[in-house]
Amino acid sequence: MSNFYEERATMIAAGDLQEFVPFGRDHCKHHPNALNLQLRQLQPASELWSSDGAAGLVGSLQEVTIHEKQKESWQLRKGGSEIGEVDYDEELYVAGNMVIWSKGSKSQALAVYKAFTVDSPVQQALWCDFVISQDKSEKAYSTAEVEKCMCILQSSCVNVHSIEGKDYIASLPFQVANVWPTKYGLLFERSSSSHELPPGPPREPLPTMFSMLHPLDEITPLVCKSGSLFGSSRVQYVVDHAIKIVFLNTDPSIVMTYDTVQNLHSVWVLRRVKAEEENAVLKFSEQGGTPQNVAPSSSLTAHLRSLSKGDSPMASPFQNYSSIHSQSRSTSSPSLHSRSPSISNMAALSRAHSPALGVHSFTGVQRFSLSGHNQSPRRHSISHSPESNSNSSLLAPETEPIVPELCIDHLWTEAITNIREKNSQASKVFITSDLCGQKFLCFLVESQLQLRCVKFQESNDKTQLIFGAITNIQAKDAAPVEKIDTMLVLESSGNLVLYTGVVRVGKVFIPGLPAPSLTMSNPMPRPSTPLDSVSTPMPLSKLLGSLDEVVLLSPVPELRDSSKLHDSLYNEDCTFQQLGTYIHSIRDPVRNRVTLELSNGSMVRITLPEIATSELVQTCLQAIKFILPKEIAVQVLVKWYSVHSAPGGPSYHSEWNLFVTCLMNLMGYNTDRLAWTRNFDFEGSLSPVIAPKKARPSETGSDDDWEYLLNSDYHQKVESHLLSRSLCLSPLEASQMKDEDLSQNLSLDSSTLLFPHIPAIFFVLHLVYEELKLNTLMGEGICSLVDLLVQLARDLKLEPYLDHYYRDYPALVRTTGQVCTIDQGQTGFMHHPSFFTSEPPSIYQWVSSCLKGEGTPPYPYLPGICERSRLVVLSIALYILGDESSVSDESSHYLSRITPGYVLFFYQEDYQNKVSFCYFVAPQKSQAEQEENRFSFSHSTSVSSLAERLVVWMANVGFTLRDLETLPFGIALPIRDAIYHCREQPAADWPEAVCLLIGRQDLSKQACEGNLPKGKSVLSSDVPSGTETEEEDDGMNDMNQEVMSLIWSEDLRVQDVRRLLQSAHPVRVNVVQYPELSDHEFIEEKENRLLQLCQRTMALPVGRGMFTLFSYHPVPTEPLPIPKLNLTGRAPPRNTTVDLNSGNIDVPPNMTSWASFHNGVAAGLKIAPASQIDSAWIVYNKPKHAELANEYAGFLMALGLNGHLTKLATLNIHDYLTKGHEMTSIGLLLGVSAAKLGTMDMSITRLLSIHIPALLPPTSTELDVPHNVQVAAVVGIGLVYQGTAHRHTAEVLLAEIGRPPGPEMEYCTDRESYSLAAGLALGMVCLGHGSNLIGMSDLNVPEQLYQYMVGGHRRFQAGMHREKHKSPSYQIKEGDTINVDVTCPGATLALAMIYLKTNNRSIADWLRAPDTMYLLDFVKPEFLLLRTLARCLILWDDILPNSKWVDSNVPQIIRENSISLSEIELPCSEDLNLETLSQAHVYIIAGACLSLGFRFAGSENLSAFNCLHKFAKDFMTYLSAPNASVTGPYNLETCLSVVLLSLAMVMAGSGNLKVLQLCRFLHMKTGGEMNYGFHLAHHMALGILFLGGGRYSLSTSNSSIAALLCALYPHFPAHSTDNRYHLQALRHLYVLAAEPRLLVPVDVDTNTPCYALLEVTYKGTQWYEQTKEELMAPTLLPELHLLKQIKVKGPRYWELLIDLSKGTQHLKSILSKDGVLYVKLRAGQLSYKEDPMGWQSLLAQTVANRNSEARAFKPETISAFTSDPALLSFAEYFCKPTVNMGQKQEILDLFSSVLYECVTQETPEMLPAYIAMDQAVRRLGRREMSETSELWQIKLVLEFFSSRSHQERMQNYPKRGLFMNSEFLPVVKCSIDNTLDQWLQAGGDVCVHAYLSGQPCDEAQLGMLACFLVYHSVPALQHLPSVGLEGSTSFAELLFKFKQLKMPVRALLRLAPLLLGNPQPMVM
């Protein structure tokens, strides 16, 4: 009989039975591609089984007809998701050419995630993660980012699809038999085709295993390393065909192989190859294989073969060898893998008759440098030069050997048995871990129906795995159940059994499937036979008979109607071998779900139950598992699991009761006789399942049953039910069990499993109890746990623990109760662990002692289980005790880690002593010294830093706000205090988690945005492009209006700029028709006027590009809109169209070509650098019409300037250049070079060199490169080599500045621009290097440049190109002097750039303007502008922003004789040329102004602005002066343009109105000298003024100045096709000098930009001290290197400090993402927009009357203070008065004032604490305290505010806001004191006296007594006798005695009357 119960008890009920059909199968039928498959004539799929598909085929082939032999297979895995723990499956289904990836779970239906169709049949599909990382070392794998992919293997290639949407195709150079995902990438096994010839002796076989680390990487052979015969280990390729991989795991990264010759399994670790192994294998493959080497080793092989026992052909050739090994286990034998690879090549040779050998079809044979014969030179280079690594650059790229990347290291091989069958290859391998975390590698050998399990573990230093012995389990199939650390085994009998590790848990019972055990071998085990033995089956009839009895008596609860059970389950299926179904195999385990395949082909998916569902039981189980030895722990868990998961197991509520019963039974209790466990209600008694079965008095039942019912919870529920009252049922009293009788004979059974461990279990459960006290959500669980702890504490006679529990839960813990005696003889068998303390550890007590500054022993904690306790202890130690090291060291001396170490058994007397000295041993110093050191508040660190450390540390250990909310308020208070501290002044670079913890959403959002990839930011205007179609697109629609309207809020200047810069609308041609003009002439007149206006229109795009810089994120599916350049006009009054193409006037050819180039650049520059753009999109924008080619050329250049051109494929670049379109080449070359600025990129250098004859070898063919393209290429070289001082480049460029004209027509036109370009490029290459140009002293760079500048004899042309310049030009006669007009500008600017900012006086003096008339005549006046500019740039630090300094640049002779232009009279003088003087004067002034612009670019420096503005005005007046003709209007216009540009540079991005007015005035001037170039300059100035719509400014770094010199070169083109002096395309290089510097505050709540006050602190410099300046953001910041810190100032917004002294990276990343800085309004403040002066702010009104009644606070007004919905609803529901309030009014007022306090002080998180304290005080007043935890919390709060550390904080930060209202706490304290004192007077004193003297006291008073003891910290009873209280006579004596018990004086005053025998209590 009873056996059936046990069998039933170890049955595990599986839940959740569902029929399973792979989702992909169904989807495939409807997949559109099913039709196309018939269209392509495909070969039938090759007969390839996937590893696990084989089993599933039986069922799946049913529905498939024989004709279409379509294989299908599928695999499942755990679905991973970022959001929360969603548990679902992912399925990868393969059939034919299709792969279907679907996801789904129980709760959500399956859905296709992706479906792929490929061209040839899919051989395998799998998931694999590839690492994207540059350095491929081992450690990179732990941190690197991973690309999650799905791979599809076809016969010739593998397709890889990443979930981001990238896809790769890698072709395979060989036939693949199998592919495996690894931690590093893919691993391929080459299939060995059988018909290959065996290799001849000299040739080595080819590798069989290959790896591919990334789809773009090469496929490389695998290397293996294992100990050889002679102990040395040897590295070589894996070449043995006998080795097949059967399993591969990623963590730990191991491979399991099977050797088909020896029939052995081996395990290898898979890792990266080390460099030395890489070299070894490459060298080895060089030298090996000569015939001499072969001979000895092959004879060795033969010798070994002869050793082998020749009896069976299957015997291993090395049996003796390995058997020797297995005995000696020598160190060299990780290679139990007997045929070690070192001789495996030879073994392969001698096995030459075996057909399955090495392959020749491998395409890349030569690359494997394996055939060691042909000694080619490179062989030598590798093997002889030690330093040449395998990837040494000496080798030509084609012949490099393939460097192996992965290596397998031998770990373990199974022992050789004599009876080893031929094909014992494992058909299924998996890793499982048992309930205690021990790992097993299990492999199923189907041919022997065995599951072999090998235990393995990591070595202590974590470097290698150690394998144990094999355990065999008989099994037909098996699968791991990872979620509950078990595995499911299908026995050959058809039973499903659950194992954990190798321990059997029990059979699995599947409702709805027959239990095979009833008809299989063993119907019911006899008591005599062990469970697994097989007895002969009974005859069927007998079996059924016995079943009948069983069923009728069975208390199995799930089927109450036993007859139904009888019919359904057993009768029909008893002979189901013939007619029914049975389980055929197990597959697809995911978490705790697994699929069973039935013999009829259908599949069901079952779920195995969890170990425990309630958190309480889980925690207790963890603790018990932690403390017990592993073997015992496994037994306990198995026992619990089988009880918990028995069929019809408990519901959630009774799980705890079940746990207690199970645990206590295991400890030896008789739970049926114990009063409190007896009444557990298990919803239908499961008692027989759990308790051992006892004989029943009779079958009819007994009185006990009735008693049981009356005592059950169920009975109480029924009695309290309304129905029973309404039926007037009188309550039934259960006859009280006679406790006295029971208590006599209850004793513990000491033979049980856990009896010896009771103290250890009790102690860890106590620690769990203390841990749960720190979680306010676990209140119910604590009450349950207390019952158990109290029972154990009573039985272990631990008085202090009982007292501790009583003080916590006076209502639950009675002082007396049922005791189970532990036999004195048996106590010796109990372990008393070393960590057990007689004093109960209490976390509240510990914190309280710290707050009071008393010494405390370390607090014990269980790692991994009591994490909250650890957190609280360490944070208190850090914040209250001020010990910074507490969180930094691993082992803190505030915690004692409990380790499951065991003390040996003690005997009786020894045990007695043990308890007494079992206090914690703190690190012993003298008492006083210890007190001083550990518990004084350390002053060394500032308080704020402690708060910061605490908050940062808590965020790092993963503590969140939600955790903080569940801490009790007293414990959480210090942490909240630290958070409050940090919230005021956080650091800007804290990670997101910290900012969330301190409640600064502004910062956390900033941190969160910071981690996002650059994409659209908050500010990018998402205006759909369709909105603006009605007005024609002028290319400026995408500007961010919101921010611009904040920056320039007072006027419409932005609209004005748009109007000035638009070029898409026709212009107004206003010409008056005089009477004498004929109509025809009038039309010509109009067209001439239009031509004039078009000069302006064509100059606009450059400025528009500046204005719209980086303002747009393109849509990748649409081409970039390029506004058209409109060159028509409209003539009023009739608005008739005027067109240039009418043929009436001559229009220059190609007039618009450069204008449309600029238009393309302007459009392209709108694209922000952060946009997502790829090569395809760039090509997609290519225009259809040839006339738009110029625009596209500009677009390409723009993409280079914003960095996107690097994404363009090299192939496409080549395509564009071969077209030979001049503009496209210019744009492309400049763009590519700008994108690769300063990188010395080789491929780009090659690209540019083709276009520069000087960089080509002299013998090369002369290419006909257009001149402008050469210029662009030269500047490109300068950009690519910027700042590198590359010698060869510099030498060539230096020569090119003075390149003479060639003999034919070459180099004759526009020579100036080429020379200038060479000069600029040379300057860039040597940028700022000054005199320390390393290794170039022999080039005499400065002297040569000086000569180019002032003229002289041409030096002999050195270098390769002297041949070319032998013969003079036929075009230009130059002689042998330097043509200064050509070379001077380039040389001057080159000098300026080389010596930029070096303050080199000697070079600067070369550049002085000449001071004699004679010398002045030699210099072109405009060259004086360049010289002055160059001189000032070199003397950077001397530039001063005032007009006096500007004038000081003019030589004396000019200053004295120069005419002021306003005079009418011209002074006449003989020897002075006035024209020269005045021209020199204006140009020098302009040069000085320009240098001022460079020096203060983007700084908005006021004095620089005023100075330049004055000169601009002066030039304006000069222009209209009568004698302007002396200077020449052209010169004056040039100078005015230069000054205007300088002005715009200083005010870049600021949109200054005065400058705008100047630009607008000049925009209107279209006649006279105003040509295309001047318009270009004016509109560039306008563009710079509004750079990037006010978001960008200019930088003054060296690189920026170089770019600006190219862009603002002060010689402007005369007409739109003029490139003579300066290539127009270079005007756009200003982009390289633009940097984002706009900071836009964005309100984090509304997500809109707003105003905020910033305080910017400048670092001190030689010109000014450290200063502060206030700016109203959004504002352009000064250059970051000038700043020390930036601070968002209060009072309206939360303060925020960005410290730049630590580095500018953080701020740079903010600025690059549109400068969004999140800010948060403080409570009660309004934004600057709503309340500019700050008068309406609520605090302004309320602060005045702060002290008047807080009742005046209206709940309605709270919405202005906070947007927190919780607070708003609190105000709504708890603070609004209703009509008849009565006594509730007082509570309402309290709530209102508390809310007011919380909101105004901005501590809304304190609201719950205030209310909890108030409620607790009221409850105490009503004497209803059933538990004292709230009182503890109030006590801790009071102690915190009176603690020393807090007092010091208040002194150090007097201005700091109050954290809790100072008036609230004293009131709380006072009311508690009063309540307790009243209780004392009303008879409580008797109770206290009774407690102190150890007598029992009145039950009713116990609650208040506990409150009194806790609140006044009265020591526990056992401490008192040691003091000897009775004899005391005076209060002083008492004080002295209690000093050591650390009892507060005020408590002592209340106790004194009792102790001194004076009956009258003293109340203060």
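Anyway, here's the lowdown on the structure attached to this text. (Residues numbered from 1 in each chain as written. Predicted model: local features only at pLDDT ≥ 70, side-chain atom pairs only at ≥ 80, totals over all residues. Heavy atoms only, no water.)

## Some thoughts on the overall build of the chain
Keep this limit in mind: Helix and strand labels come from DSSP, where a helix needs a run of H or I of at least four residues and a strand needs a run of E of at least two; each type is numbered from the N terminus. It only takes one pair of heavy atoms within 4.5 Å for two residues to be counted as in contact. We get accessible surface area from the Shrake-Rupley algorithm with a probe of 1.4 Å; when it comes to residues, only the shown protein chains can shield them.
Assigned secondary structure in the chain consists of 74 helices and 45 strands. Looking at the chain alone, contacts between residues at least 24 apart form 70% of all its contacts between residues at least 6 apart. When the accessible surface of the chain is totalled, it reaches about 85800 Å², and 55% of it is carbon and sulfur.

## Concerning the nonpolar core
Inclusion rule: Here, the term nonpolar core denotes a set of buried Ala, Val, Leu, Ile, Met, Phe, Trp, Tyr and Cys residues that are joined through side-chain atoms within 4.5 Å. Categorising residues by exposure relies on relative accessible area from a 1.4 Å probe, with only protein chains included: less than 20% of the type maximum marks a residue as buried, more than 50% marks it as exposed, and the intermediate range marks it as partly exposed.
In this structure, Leu488 and Phe762 are the most contacted members of the largest nonpolar core, which totals 230 residues. Those residues in contact with Phe762 that lie beyond four places of it in its chain are Leu789, Leu792, Ala793, Leu796, Leu798, Tyr801, Tyr805 and Phe836. Leu1316, Leu1333, Leu1396 and Tyr1592 belong to the second largest nonpolar core, which has 215 residues in total.

## Some remarks on helix α59 (residues 1529-1546)
The criterion, for reference: Helix span is expected to be 1.5 Å times the residue number reduced by one.
Along its 18 residues, α59 runs 26 Å from first to last C-alpha, staying within 8% of the 26 Å computed at 1.5 Å per residue. Within α59, 16 of the 18 residues are buried, leaving the element largely enclosed by the surrounding structure.

## Some remarks on unusual backbone geometry
Residue Pro1132 is joined to Pro1133 through a cis peptide bond whose omega torsion reads 0 degrees. Along the polypeptide, Pro1133 turns up in the loop between β35 (1129-1131) and β36 (1136-1138). A cis amide bond links Ala1673 with the next residue in sequence, Pro1674, at an omega value of 5 degrees. Looking at where Pro1674 falls in the secondary structure, it is placed in the loop between β41 (1667-1673) and β42 (1675-1676). Residue Leu449 is not a glycine yet carries a positive backbone phi of 50 degrees. The partly exposed category is assigned to Leu449, whose relative accessible area is 32%. The phi angle at Asp1714 is positive, at roughly 65 degrees, despite the residue not being glycine. With respect to the helices and strands, Asp1714 occurs in the loop between α63 (1705-1712) and β45 (1716-1719).

## So, the sheet that holds strand β23 (residues 450-458)
Counted only if it meets this: Strand pairing requires that DSSP identify at least two bridges connecting the strands. Note on geometry: axes are C-alpha line fits, over the in-contact stretch for helices, and angles between N-to-C directions span 0 to 180 degrees.
Strand order in the open sheet formed by 4 strands is β21-β22-β23-β24, with antiparallel pairing between adjacent strands. Bordering the open sheet on either side are β21 (428-433) and β24 (465-474), each of which pairs with just one other strand. The sheet shows a mean angle of 25 degrees between the axes of neighbouring strands, direction not considered. In this sheet, strand β22 (residues 439-445) lies alongside β21 in antiparallel orientation, the contact comprising 6 bridges. For Thr432, the partnering residue across the bridge sits in β22 and is Phe440.

## Regarding the environment of Pro1777
Summarising the element assignment, Pro1777 is placed in the loop between α65 (1765-1774) and α66 (1784-1800). The exposed category is assigned to Pro1777, whose relative accessible area is 53%. Distance from Pro1777 to Asp1789, taken between C-alpha atoms, is 9.0 Å for residues 12 residues apart in sequence.

## Observations concerning the sheet that holds β36
Strand order across the open sheet formed by 3 strands is β34-β35-β36, with mixed pairing between neighbours. Across the chains shown, the open sheet's two edge strands, defined by having one partner strand only, are β34 (1067-1068) and β36. Sheet analysis places β34 next to β35, joined by 2 bridges and oriented parallel. Following the sheet pairing, Val1067 is matched in β35 by Gly1129.

## Concerning the side chain of Asp588
Just so we agree on the cut-off: Identification of polar contacts relies on pairs of N or O atoms within 3.5 Å, with a donor-acceptor requirement for protein atoms, meaning one able to donate a hydrogen and the other able to accept it, and with residues adjacent in sequence counted only if both atoms are side-chain atoms.
As for its placement among the helices and strands, Asp588 is situated in strand β29 (residues 583-590). Since its relative accessible area comes to 6%, Asp588 is described here as buried. A distance of 2.9 Å separates the side chain of Asp588 from the side chain of Arg587, its partner in a polar contact.

## Considerations on the pairing of strand β31 (residues 603-607)
Residues in a regular strand point their side chains to alternate faces of the sheet. Counting buried residues along β31, 5 of its 5 residues qualify, which places the element largely inside the surrounding structure. In terms of strand pairing, strand β2 (residues 15-19) meets β31 through 3 bridges, oriented antiparallel. Paired with Gln18 across the bridge in β31 is Arg605. With 5 bridges joining them, strand β30 (residues 593-598) and β31 adopt antiparallel strand pairing. Within β31, the residue paired with Leu596 across the bridge is Val604. Between β30 and β31, which pair antiparallel and follow one another directly, the connecting turn spans 4 residues, one of which, Gly601, has a positive phi of 95 degrees.

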